[in-house]
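Fold and geometry: a report
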Amino acid sequence: DNVFGFITQTCGMWYLDGRQAEDEAVTREWARRCKHLSRYDYIGFGTMTPRVFPHMLDRAIKFDKSLGFEGMYTEVYAFLPNTAPMIWALAKLEWDHTLNLDDLLQEFYTKMYGSAAPLMKQYFDLLERSYYTDRPGHGAWEHRKLSVQAAALSVEDLDEAFRLLQQATNATGDPDAQERIFQSRMGLQYGSYVIRAAALSKQALATAVT
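To keep things clear, this report deals only with the structure shown in the data block.

Some points on the overall build of the protein chain
Scanning the protein chain for helices and strands turns up eight helices and three strands. Along the protein chain, helices (α) and strands (β) appear in the sequence β-α-β-α-β-α-α-α-α-α-α when read from the amino end. Taking 210 residues into account, the globule formula puts the C-alpha radius of gyration at 17 Å, and the protein chain, at 19 Å, falls close to it. Looking at the 210 residues of the protein chain, the share that counts as buried comes to 45%. Considering only contacts within the protein chain whose residues lie at least 6 apart along the sequence, 74% involve residues at least 24 apart. For the protein chain, the computed accessible surface area is about 11,000 Å², with 56% contributed by carbon and sulfur atoms.

What follows is the structure, given as structure tokens:
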């Protein structure tokens with residue numbers, strides 16, 4: 001009764017085959033042995049490129065609560081241009097895990113971006129969908145490893161993300177909303193240097209020199 005356990009986990013990697021089932025099996029075993037449990041997870045990893053996985057986070061929180069978990073600690077390393085919607089949703093879910101994630105995200109987009117909300121939703125959905133894509137080099141520990149960070153987003157998805165941000169900027173006349181979209185654009189620009197350089201490097205390595 002006087003033992004309080006924290007279980008570390010990286011639910012952002014649950015897109016990998018078998019990873020979620022493995023983590024949940026470990027959690028169930030600890031729940032059989034320890035009366036008081038809480039979670040320790042990671043959002044940011046100090047990565048320059050988008051690391052967006054709100055739906056995995058929501059699934060993980062609801063699973064933990066189904067086993068009676070009492071709390072959660074998360075290393076955020078907040079790169080807000082990429083993670084702000086996810087952090088907003090996490091804060092709300094920690095108060096009430098029964099809330100609907102998509103409703104929370106929609107509230108965030110509407111209040112932050114006004115008439116540009118639908119396009120910004122498309123933007124963050126794209127970042128999340130691309131992050132869940134299992135591509136070469138993706139899925140390892142990302143902290144301080146630029147080659148792994150570069151695999152979080154394809155060059156094609158990067159180009160589409162910039163297009164959506166430009167459309168979102170054009171869709172609103174609110175200077176505050178435009179400034180917030182600009183911050184997301186600058187965050188994406190920062191990460192794009194890693195993604196594009198890695199793609200060029202791979203292209204160069206694959207080029208036959210005669």
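A short note on the side chain of glutamate 128
Mapped onto the fold, glutamate 128 is located in helix 5 (residues 117–131). We note that glutamate 128 is buried and unpaired, the nearest opposite charge coming from arginine 59 at a distance of 7.7 Å. When sequence neighbours within four positions are dropped, the list of residues in contact with glutamate 128 reads Val52, Phe53, Pro54, His55 and Met56.

What about the pattern of salt bridges?
Tallied over the full model, the rule gives 12 salt bridges. Across the pair lysine 35 and aspartate 1 runs a salt bridge whose closest N-O atoms are separated by 3.5 Å. Within this pair, whereas lysine 35 is found in the loop between helix 1 (19–33) and strand 2 (36–42), its partner aspartate 1 is found in the segment before strand 1 (4–8), the two being separated by 34 residues in sequence. Neither residue differs from the other here; lysine 35 and aspartate 1 are each classed as exposed.

Regarding the packing of helix 2 (residues 54–66) against helix 3 (residues 80–95)
Two elements in contact, helix 2 and helix 3, have axes separated by 10 Å at closest approach and are oriented at 15°. What the angle tells us is that helix 2 and helix 3 run roughly parallel. For the element pair helix 2 and helix 3, the recorded crossing hand is right-handed. Residues Pro54, Leu57, Asp58, Ile61 and Lys62 of helix 2 form the contact with helix 3, whose own contacting residues are Met86, Leu90 and Leu93. Residue composition of the contact of helix 2 with helix 3, by class: six nonpolar, no polar and two charged.

Examining the pairing of strand 1
Of the two faces of strand 1, only one is covered, namely that formed by Gly5 and Ile7; the face formed by Phe4, Phe6 and Thr8 stays uncovered. Relative to strand 2, strand 1 runs parallel, the two being bridged by five bridges. When the sheet's bridge partners are listed, isoleucine 7 is paired in strand 2 with arginine 39. Traced from strand 1 through helix 1 to strand 2, the parallel crossover comes out right-handed.

Reading the values: rules and limits
- Residues numbered from 1 in each chain as written.
- Predicted model: local features only at pLDDT ≥ 70, side-chain atom pairs only at ≥ 80, totals over all residues.
- Heavy atoms only, no water.
- Helix = DSSP H or I, 4+ residues; strand = E, 2+ residues; numbered from the N terminus.
- Rg over C-alpha atoms; globule rule 2.2 N^0.38 Å.
- Buried < 20%, exposed > 50% of the residue type's maximum accessible area, 1.4 Å probe, protein only.
- Contact = heavy atoms within 4.5 Å.
- Areas by Shrake-Rupley, 256 points an atom, 1.4 Å probe, with all protein chains shown as cover.
- Lys, Arg positive; Asp, Glu negative; His and termini not counted.
- Salt bridge = Lys/Arg side-chain N within 4 Å of Asp/Glu carboxyl O.
- Axes fitted to C-alpha atoms, helices over the stretch in contact; angles between N-to-C directions.
- Parallel < 35°, antiparallel > 145°, perpendicular 65-115°, else oblique.
- Left-handed = near helix turned anticlockwise from the far one by under 90°.
- Nonpolar A, V, L, I, M, F, W, Y, C, P; charged D, E, K, R; others polar.
- Pairing = 2+ DSSP bridges.
- Right-handed = clockwise from strand over helix to strand, strands pointing away.

These values are about where atoms sit, not about what they do.
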